[in-house]
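Chain by chain, the residues run as shown.
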Amino acid sequence: MIRIRVINGPNLNLLGTREPEIYGSLSLQDIQRRLEEEAKEQGIVLDFYQSNHEGDIVDKIQDALSAGFDGIIINPGAFTHYSYAIRDAISAVKLPAIEVHLSNIHAREEFRSKSVVAPACIGQICGLGADGYSLALLALHKKLRRS
Ligand code: DQA
């Protein structure tokens, strides 16, 4: 059984009410429910997590290895743009990770177009809204089945 941990960073708990013109109208719980259904259909065990705190996210990445997860999907929120600690944690655990963003970070303020986390990931999906999480699940599942 493939096990995937999904980690969401700061302010993503506000989805649904937070700038819906940018991030859409689904709440994080809506996204979680949808992804859990898709994971079940694909026979994947999913663990879905959100935190506003950098250290807690680092702990959750480190724990993914010891807890036996096979891969990580991460939307680091604003930490994307400056958290070397999150990037280093992903590199340290050596689990395949996919970075997801609801919005197209390359079409917004300049500071958003740079991700310091992406180089530690196998890929990045952005600008496709909540579908980005589903696509990341599919891609990670395919990769893990092959390995
Ligand atoms: C985000 C993009 C980030 O720049 C922003 O800080 C977020 C959300 C996204 O999903 O589009 O909090 O990661």
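Residues numbered from 1 in each chain as written. Predicted model: local features only at pLDDT ≥ 70, side-chain atom pairs only at ≥ 80, totals over all residues. Heavy atoms only, no water.

**With respect to the overall build of the protein chain**
Then, in step 1: Scanning the protein chain from terminus to terminus reveals 5 helices and 5 strands.
Then, in step 2: Walking the protein chain from its N terminus toward its C terminus, one meets helices and strands in the order β-α-α-β-α-β-α-β-β-α.
Then, in step 3: For the protein chain, whose C-alpha radius of gyration is 14 Å, the value lies close to the compact-globule estimate of 15 Å for 147 residues.
Then, in step 4: Principal-axis analysis of the C-alpha atoms gives the protein chain an extent of 40 × 30 × 25 Å.
Then, in step 5: A total of 147 residues make up the protein chain; the buried ones form 47% of that total.
Then, in step 6: Considering only intrachain contacts with a sequence separation of at least 6, the fraction spanning at least 24 residues in the protein chain is 75%.
Then, in step 7: Averaging the positions of the 16 positive and the 18 negative side-chain charges in the protein chain gives two centres separated by 6 Å. (Helix = DSSP H or I, 4+ residues; strand = E, 2+ residues; numbered from the N terminus. Rg over C-alpha atoms; globule rule 2.2 N^0.38 Å. Buried < 20%, exposed > 50% of the residue type's maximum accessible area, 1.4 Å probe, protein only. Contact = heavy atoms within 4.5 Å. Lys, Arg positive; Asp, Glu negative; His and termini not counted. Charge placed at Lys NZ, Arg CZ, Asp CG, Glu CD.)

**Description of the site of the ligand**
Then, in step 1: Around the ligand sit R18, Y23, N75, G77, A78, H81, H101, L102, S103, I105 and R112, and those are all the residues in its vicinity.
Then, in step 2: Note that an oxygen atom of the ligand is positioned 3.2 Å from one of the backbone N or O atoms of A78.
Then, in step 3: H101 places a polar side-chain atom, nitrogen or oxygen, 2.8 Å from an oxygen atom of the ligand.
Then, in step 4: Coverage of the ligand by the protein amounts to 99% of the 320 Å² it exposes when considered alone.
Then, in step 5: Of the residues that constitute the shell around the ligand, the class distribution is 4 nonpolar, 5 polar and 2 charged. (Near = heavy atom within 4 Å. Polar contact = N/O pair within 3.5 Å; in protein donor to acceptor, adjacent residues only side chain to side chain. Areas by Shrake-Rupley, 256 points an atom, 1.4 Å probe, with all protein chains shown as cover. Nonpolar A, V, L, I, M, F, W, Y, C, P; charged D, E, K, R; others polar.)

**Brief notes about unusual backbone geometry**
Then, in step 1: Although it is not a glycine, N11 adopts a positive phi angle of roughly 75°.
Then, in step 2: Mapped onto the secondary structure, N11 falls in the loop between β1 (2-8) and α1 (20-23).
Then, in step 3: Positioned with a positive phi, K94 is a non-glycine residue whose angle comes to about 60°.
Then, in step 4: The residue K94 is located in the loop between α4 (84-93) and β4 (97-101) in this model.
Then, in step 5: Judged by its relative accessible area of 72%, K94 falls in the exposed class.

**Concerning the environment of I74**
Then, in step 1: As for its position among the elements, I74 is in strand β3 (residues 71-75).
Then, in step 2: Residue class for I74 comes out buried when judged on its relative accessible area of 0%.
Then, in step 3: In sequence terms I74 and Y133 are 59 residues apart; their C-alpha atoms lie 8.9 Å from each other.
Then, in step 4: Ignoring anything within four residues of it in the chain, the contact list for I74 reads I7, I57, I61, I86, I90, I98, E99 and V100.

**Observations regarding helix α5 (residues 131-146)**
Then, in step 1: Here α5 spans 23 Å end to end across 16 residues, near enough to the 22 Å set by a 1.5 Å rise per residue.
Then, in step 2: Looking only at α5, the buried set comprises G132, Y133, S134, A136, L137, L140, H141 and L144.
Then, in step 3: For α5, the elements touching its buried residues are β1, α2 (28-41), β2 (44-50), β3, β4 and β5 (123-126). (Expected span 1.5 Å × (residues − 1).)

**Observations concerning the nonpolar core**
Then, in step 1: Ranked by internal contacts, the top residues of the largest apolar core, which has 24 residues, are I4, I73, L102, Y133 and L137.
Then, in step 2: Those elements giving two or more residues to this core turn out to be β1, α2, β2, β4 and α5.
Then, in step 3: Other than its neighbours up to four places away in sequence, Y133 contacts V6, N8, I31, L35, I73, N75, V100 and L102. (Core = buried A, V, L, I, M, F, W, Y, C linked by side-chain atoms within 4.5 Å.)

**Points about the pattern of salt bridges**
Then, in step 1: Applying the stated criterion across every chain, the model contains 6 salt bridges.
Then, in step 2: Note that D47 and R5 form a salt bridge whose closest N and O atoms lie 2.7 Å from each other. Highlighted residues: D47 in strand β2 and R5 in strand β1, separated in sequence by 42 residues.
Then, in step 3: By relative accessible area, D47 is classed as partly exposed at 23%.
Then, in step 4: By relative accessible area, which is 5% here, R5 ends up buried.
Then, in step 5: A single salt-bridge network, built from bridges that share partners, covers R5, D47 and D63. (Salt bridge = Lys/Arg side-chain N within 4 Å of Asp/Glu carboxyl O.)

Geometric values such as these leave the question of function open.
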